[in-house]
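# A look at the structure
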Amino acid sequence: MDVLSKSDTLISDVLNRILRCRKVNNLYIYGAIGRELDYLFPVINVIPFREWKGMTGEVIYVHVAYEDDLNEIMQWIKNGKEEKDFIIYVLPTVNISDKNIEVLGVAHNLSMYSSFKGFLFLVGKSFDPPKLQVPDEFQVLAIIHFYNEVDIIEMTIQYLLGQEVDIYLLDNWSDDGSYEIAQKYQKLYPGRIFLERFPLSGKSENYEWYNQLERTEEISRELKYSWFIHYDTDEIRVSPWEGVTLREAIYWIDRQGYNGIENTVIDFRITNNEMNNIFMSDTYFDFRHEKIRFDQFKTWKKTEQIELKSTAGHCADIANPQIYPLKFLNRHYPMRDIRQAEKKIFTDRKPRFMKERAERGWHGHYEKFKKAGDVLFNAEKLLLWESDTFQKLYIPLFMECGLRWDKKEESSLAGIRLPDITKKNIVVYGAGNVGKQVIFELEKRNEIVAWVDKRYENLKAPRCKRIISPEEITKLSYDYIIIAAIKKELVPEIVWELESEYRVDRDKILFIVKDEVKSNSLNLEG
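Note that the structure is predicted; figures quoted are calculated from it, not measured.

## Let's talk about the overall build of the protein
From N to C terminus, the protein includes 13 helices and 24 strands. Overall, the C-alpha framework of the protein stretches about 70 × 65 × 50 Å when taken along its three principal axes. Expressed as a percentage of the 526 residues in the protein, the buried residues total 55%. Of the contacts made within the protein by residues no fewer than 6 positions apart, 74% connect residues no fewer than 24 positions apart. Entry remark: accessible area of the protein is about 23500 Å², with carbon and sulfur atoms responsible for 47%. Distance between charge centres in the protein, computed from 74 positive and 84 negative side chains, equals 2 Å.

## Some points on the packing of helix H4 (residues 153-162) against helix H5 (residues 178-188)
Viewed as axis vectors pointing N to C, H4 and H5 meet at an angle of 30 degrees, and their least axial separation amounts to 9 Å. For the element pair H4 / H5, the angle class is roughly parallel. When the axes of H4 and H5 are compared, the crossing they make is right-handed. For the pair formed by H4 and H5, the contact residues are Ile153, Glu154, Ile157 and Gln158 on the first element and Ser178, Ile181, Ala182, Lys184 and Tyr185 on the second. Here the contact of H4 with H5 is built from residues that sort into five nonpolar, two polar and two charged.

## Some words on the environment of Leu382
Along the chain, the position of Leu382 falls in the loop between helix H8 (338-360) and strand E18 (383-384). Separated by 115 residues in the primary sequence, Leu382 and Asp267 have C-alpha atoms spaced 9.9 Å apart.

## Digging into unusual backbone geometry
Both trends apply: most residues other than glycine have a negative phi, and most peptide bonds are in trans. Look at the link from Phe198 to Pro199: it is a cis peptide, with omega at 0 degrees. With respect to the element layout, Pro199 can be found in the loop between strand E9 (193-197) and helix H6 (209-222).

## A short note on the side chain of Arg237
If you trace the backbone, Arg237 turns up in strand E11 (residues 235-238). Looking at Arg237, the relative accessible area reads 1%, which means it is buried. Within the structure, Arg237 has its side chain in polar contact with the backbone oxygen of His230 (distance 2.6 Å). At a separation of 2.7 Å, a polar atom in the side chain of Arg237 contacts the side chain of Glu235. Every residue in contact with Arg237, bar those within four places of it in the chain, is listed here: Tyr159, Ile229, His230, Tyr231, Leu246, Asn263, Gln296, Lys298, Thr299, Leu329 and Asn330.

## Topic: the environment of Phe294
Along the chain, Phe294 falls in the loop between strand E13 (284-287) and strand E14 (297-301). C-alpha separation for the pair Phe294 and Trp362, spaced 68 residues apart in sequence, amounts to 15 Å.

## Thoughts on helix H13 (residues 491-502)
Here H13 contains twelve residues, and its C-alpha end-to-end distance of 15 Å stays within 8% of the 16 Å for a straight helix at 1.5 Å per residue. When H13 is considered as a whole, its buried residues turn out to be Val491, Ile494, Val495, Glu497, Leu498 and Tyr502. Along H13, the residues classed as buried sweep out an arc of 160 degrees about the axis, all on the same side. For H13, exposure combined with an orientation more than 90 degrees from the buried face picks out Pro492, Glu493 and Trp496. In the core, the buried residues of H13 are packed alongside strand E19 (425-429), strand E22 (480-484) and strand E23 (509-513). Of the residues flanking the end of H13, it is Arg503, one or two places downstream, whose phi is positive at about 55 degrees.

## Topic: the sheet that holds strand E3 (residues 59-64)
Strand order in the open sheet formed by six strands is E2-E1-E3-E4-E6-E5, and the pairing between neighbours is mixed. Only two strands of the sheet have a single partner each, and these edge strands are strand E2 (45-49) and strand E5 (108-109). Relative to strand E4 (residues 85-90), E3 runs parallel, the two sharing six bridges. From the neighbouring strand, Val64 faces E4, where its bridge partner is Val90. Contacts from helix H2 (residues 67-80) reach strand E1 (26-30), E3, E4 and strand E6 (119-124), with the element oriented near 160 degrees to E3.

## Topic: the pairing of E6
Most of E6 sits inside the fold, with five of its six residues counted as buried. Note that E4 and E6 share six bridges and pair antiparallel. In the strand pairing of E6, Ile87 is matched with Leu122. Bridge count for E5 against E6 is two bridges, and the pairing is antiparallel. Paired with His108 across the strands is Leu120, a residue of E6.

## Re the nonpolar core
Counting 116 residues, the largest nonpolar core has Leu10, Ile11, Val14, Leu27, Tyr61, Leu120 and Leu160 as its most contacted members. Broken down by element, the residue count for this core peaks at seven residues, all from helix H1 (residues 10-22). Contact partners of Leu120, with chain neighbours within four places excluded, come to Leu10, Ile11, Val14, Ile87, Ile88, Tyr89, Val106, Ala107, His108, Leu110 and Ile395. One finds Tyr28, Val94, Val103 and Phe121 within the second-largest nonpolar core, a separate group that totals 21 residues.

## Side note on the packing of aromatic side chains
The description of an aromatic ring pair uses the distance of the two centres, along with the angle that the planes make with each other. Under the counting rule described, the total for this entry stands at 26 aromatic pairs. Between Phe228 and Trp300, the ring centres sit 6.3 Å apart and the planes meet at 25 degrees, which makes this aromatic pair stacked. Residue Phe228 is located in strand E10 (residues 227-231), and its partner Trp300 is located in strand E14; the two are separated by 72 residues in the primary sequence. The pair formed by Phe228 and Trp300 is uniform in burial state, with each residue classed as buried.

Criteria and cut-off values
- Residues numbered from 1 in each chain as written.
- Predicted model: local features only at pLDDT ≥ 70, side-chain atom pairs only at ≥ 80, totals over all residues.
- Heavy atoms only, no water.
- Helix = DSSP H or I, 4+ residues; strand = E, 2+ residues; numbered from the N terminus.
- Buried < 20%, exposed > 50% of the residue type's maximum accessible area, 1.4 Å probe, protein only.
- Contact = heavy atoms within 4.5 Å.
- Areas by Shrake-Rupley, 256 points an atom, 1.4 Å probe, with all protein chains shown as cover.
- Lys, Arg positive; Asp, Glu negative; His and termini not counted.
- Charge placed at Lys NZ, Arg CZ, Asp CG, Glu CD.
- Axes fitted to C-alpha atoms, helices over the stretch in contact; angles between N-to-C directions.
- Parallel < 35°, antiparallel > 145°, perpendicular 65-115°, else oblique.
- Left-handed = near helix turned anticlockwise from the far one by under 90°.
- Nonpolar A, V, L, I, M, F, W, Y, C, P; charged D, E, K, R; others polar.
- Polar contact = N/O pair within 3.5 Å; in protein donor to acceptor, adjacent residues only side chain to side chain.
- Expected span 1.5 Å × (residues − 1).
- Arc of directions from axis to C-beta.
- Pairing = 2+ DSSP bridges.
- Core = buried A, V, L, I, M, F, W, Y, C linked by side-chain atoms within 4.5 Å.
- Phe/Tyr/Trp six-rings, centres within 6.5 Å; stacked < 30°, edge-to-face > 60°.

If you want it as structure tokens, here you go:
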């Protein structure tokens, strides 16, 4: 399967993510470096040191070319790993002793998913949770909406209970026995499992996912849990550390000052007609993005400001998100065998999705399934989960680095000249194709305060970017508003609207259209 990139951006990608999540722009460097840092975000300040002694940085990149160099710095790393993060690249010619491995931890073989030879070690406060006793008052709740999942709901409940996670079950009026199984477990664990049918008025012909998400938001505001997980019945969430439960991992992350956790989603697939229920099995899988970036942020610390609806439930919108650098793995099993898959897609889902599909553009992932045979996947184009996959593909699985993205996405900036703005607070107006193309480049060097569009209610924002109403501009603090438009003719009306209705200073307005960048009395160097 060609989903692994084998590119030369891997180390830069890892560093970019760690620094972005930690909201740190200074990267301290020890040792000689080569092309591995060519793809750092321009906003990052690279600070090289010839001596490791006296280095005070929070995030340190170490390039090790010789065994003696590694031996020399081991005590420094050992002493500093509780306060700092070390990202250590060791060339393949360096012999790493068992004693050093005890300090460095797992060696990630970069040749699996990048053009680099050698090993990468992730060492430090963000990566090495100690053995912690989780206090009784620290509780995590998974909120699950389900409909006709009789083949797996019992296993999902048992798994979450084993992960020390409580469960709030909302049955969308199943008619296959799923609700009765949920009732049984609610009676067995009355203090840990909650159950209701949604909507209370009775079964609806439509899925009404918007309303279900709204109910999830309400529950997370009402109940006094420490953290919440927006969870699907057909998935298994896995922490980045083997043998560490979800509750233990979330407690450690909370202790580090983070309030949100993203997921990497991998879909396990049916590859032949003879396969029985594959749920929780180690079989063939692919990465959910299918070469297109797919963000999922569905675990958050309790807050009154929580919104899921604008991204169809893929990403939680919370105040001042502090995202943990490592992601949780979402092992996703949407189709478990031929019979279940065909019923789910053609009977239980597609007919009930039609209303929201038309109104909001949601649920498009089932459109590619036109006939029964479409649920089978070619094993040769997939990856096989094996006993060592967790460690072998650790960085792609828990950081989503080292994956091949769709080249169309990278090349779509052709013909668009981006403004030379760095370290500014930016509002992007326009969530059409141009807005999608430029926002992720601008954010590498700037802080994107908001993404604005009049159609905010019906647009699905990729990569966890919430789209808001233009009316909210008056509440924002920003340096510039950048209008992203496909046609120049649209810009004057938007500029007039920004000035007259939202009191935007004309000098703060810049607009981007295909093939050119325009500004109104704007000094880009200022």
